[in-house]
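Remarks on the overall topology
What follows is each chain in one-letter form.
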Amino acid sequence: MKKETKTETKKSALSWYKRMDFSKKTALWGIIFLLPWLTGLIFFFIRPLINTLWFSLCSMEMVNGKFTGTFIGLENFKWVTGVNPDYNRYLAQAFTNMIKEVPFQIFLALFIAMLLNGEYKGRGFFRAIFVIPIILATGVATFKLRESSLATVAAESVMDMKWLENLVTNSGIPEELTSLLVTYVENIFQVVTTCGVQVLLFLSGLQAISPTLYEVAKMEGCTQFETFCKITLPMVSPTILVCLVYSISESFASAQIKVSETVTQSFSSYIQSITFNGQAQYYGYGAAMSFIYFAATLVTIGVVCGIVSKGVFYYD
């Protein structure tokens, strides 16, 4: 009797789930999988963001070992954008680097994903290899790799692009395009190490395309280029939008700025150097810098997604 009672209790507890239709079940599991992210967003992001906004509107002082803020409005923002001689220039550098890096990342990630999606022996091995950039993109691995003298010497010997620059210049291509091409080739290592996630996203998007679409295109006599333009590209367009959001965020988060002709520094390190220089008042300046940078990132993502989303095709 006890076993039967327990079984009936379990059935009654799951009956509400069985009565749900498929769309509600999908939404429920979606919320469950989002719970860890929502927890981190609420407790580890929104609260610091609100504190940063408050600090940016205050003049910070150290009183009895604690920071206290006096509301001063937009004075910190005026100092950052009007008095500080470097911030606007460094922000423009970060934005310019994003424009140069993100399209190349998307193109390279889609190209690699299409190669990995092909039918050939050993493709599982090659797919595993392209997970390595995701591991290398972690902070500790990247730091160790950059400080390695062997990696530096190898990069200098392999990435000497003077010969390519001379070749392209002599071919009659404009100097601006030549400089951009050489920059892409010189930064190929960095680009590959930061497009691992995009490769996986594109690979999952390519595998979700129905093979019948390619069979119909082949029967109609479409070329490979026509098949790519009329089937592959529209079908992965939602994935392109997702990868754009990720790539833009990653580009701004890891933006490198030129402090001088020979010295480069991450934008976040520059803000930290201003904020933590031993004077409490600079906490407000640093908070204003961070909030402007955060707002610039959001605006850029919003504008780009608003433009790209008009050409996104959703297949039902």
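See the structure above.
Below is a short write-up of the structure. (Residues numbered from 1 in each chain as written. Predicted model: local features only at pLDDT ≥ 70, side-chain atom pairs only at ≥ 80, totals over all residues. Heavy atoms only, no water.)

With respect to the overall build of the chain
If you tally the helices and strands in the chain, you get 17 helices and 4 strands. In the chain, which comprises 316 residues, the proportion classed as buried is 27%. Across the chain, every contact between residues at least 6 apart in sequence was considered, and the portion connecting residues at least 24 apart equals 66%. For the chain, the accessible area works out to roughly 21100 Å², and carbon and sulfur atoms hold 67% of it. (Helix = DSSP H or I, 4+ residues; strand = E, 2+ residues; numbered from the N terminus. Buried < 20%, exposed > 50% of the residue type's maximum accessible area, 1.4 Å probe, protein only. Contact = heavy atoms within 4.5 Å. Areas by Shrake-Rupley, 256 points an atom, 1.4 Å probe, with all protein chains shown as cover.)

Regarding the pattern of salt bridges
Following the criterion strictly, the structure yields 2 salt bridges and no others. Between E75 and K78 there is a salt bridge whose closest N-O contact spans 3.7 Å. Of the two residues, E75 and K78 are both situated in helix α3 (residues 75–83); the distance of 3 residues between them amounts to about one turn of the helix. Note that D86 and R89 form a salt bridge whose closest N and O atoms lie 2.9 Å from each other. Looking at R89, the relative accessible area reads 38%, which means it is partly exposed. (Salt bridge = Lys/Arg side-chain N within 4 Å of Asp/Glu carboxyl O.)

Looking at the environment of V308
With respect to the element layout, V308 can be found in helix α17 (residues 282–308). A sequence separation of 67 residues divides V308 from L241, and the C-alpha atoms of the two residues are 6.9 Å apart. If we skip the residues at most four places from it in the chain, V308 touches L241 and L244.

Observations regarding the packing of α3 against α17
In the contact formed by α3 and α17, the axes pass within 9 Å of each other and the chain directions differ by 70 degrees. As the angle between them shows, α3 and α17 are arranged roughly perpendicular. Mapping the contact onto sequence places N76, F77, W79, V80 and T81 in α3 and Y282, G284, Y285, A288, M289, F291 and I292 in α17. Each residue belonging to the contact of α3 with α17 can be placed in one class, and the counts come to 9 nonpolar, 3 polar and no charged. (Axes fitted to C-alpha atoms, helices over the stretch in contact; angles between N-to-C directions. Parallel < 35°, antiparallel > 145°, perpendicular 65-115°, else oblique. Nonpolar A, V, L, I, M, F, W, Y, C, P; charged D, E, K, R; others polar.)

Looking at helix α14 (residues 224–235)
Its 12 residues place the ends of α14 15 Å apart at the C-alpha level, agreeing with the 16 Å of an ideal helix rising 1.5 Å per residue. Looking only at α14, the buried set comprises T227, I231, T232 and M235. One side of α14 carries all its buried residues, which in axial view fall inside an arc of 85 degrees. In α14, those exposed residues whose orientation departs by more than 90 degrees from the buried face are F225 and K230. On the buried face of α14, the contacting elements are α12 (196–207), α13 (211–219) and α15 (237–253). (Expected span 1.5 Å × (residues − 1). Arc of directions from axis to C-beta.)

Let's talk about the packing of aromatic side chains
Enumeration according to the criterion identifies 14 aromatic pairs in this entry. Taking the centre distance of 4.3 Å and the plane angle of 5 degrees together, the rings of F267 and Y293 count as stacked. Separated by 26 residues along the polypeptide, F267 in helix α16 (residues 267–275) and Y293 in helix α17 bring together distant segments of the chain. Here F267 falls in the buried class, since its relative accessible area comes to 1%. Considering the side-chain rings of F291 and F294, the 6.3 Å spacing of their centres and the 50 degrees angle between planes classify their relative orientation as tilted. Placement of the pair is F291 and F294 together in helix α17, with a separation of 3 residues, close to one helical turn. Residue classification places F291 among the partly exposed positions, given a relative accessible area of 22%. Judged by its relative accessible area of 26%, F294 falls in the partly exposed class. (Phe/Tyr/Trp six-rings, centres within 6.5 Å; stacked < 30°, edge-to-face > 60°.)

Thoughts on the nonpolar core
Counting residues in hydrophobic clusters, the biggest one holds 48 residues, and the most contacted among them are Y87, F202, F267, Y270, M289 and Y293. The set of elements that each furnish at least two residues to this core consists of α3, α4 (87–116), α12, α14, α15, α16 and α17. Residue contributions to this core peak at 13 residues, all from α4. When residues no more than four places from it in sequence are discounted, the contact partners of Y87 are V80, F267, Y270, M289, I292 and Y293. (Core = buried A, V, L, I, M, F, W, Y, C linked by side-chain atoms within 4.5 Å.)

Observations regarding the side chain of S237
Counting through the fold element by element, S237 comes out in helix α15. For S237, a relative accessible area of 8% corresponds to the buried category. Of note is the side chain of S237, whose polar atom sits 2.6 Å from the backbone oxygen of P234. Not counting the four nearest positions on each side in its chain, S237 is found in contact with G311, V312 and F313. (Polar contact = N/O pair within 3.5 Å; in protein donor to acceptor, adjacent residues only side chain to side chain.)

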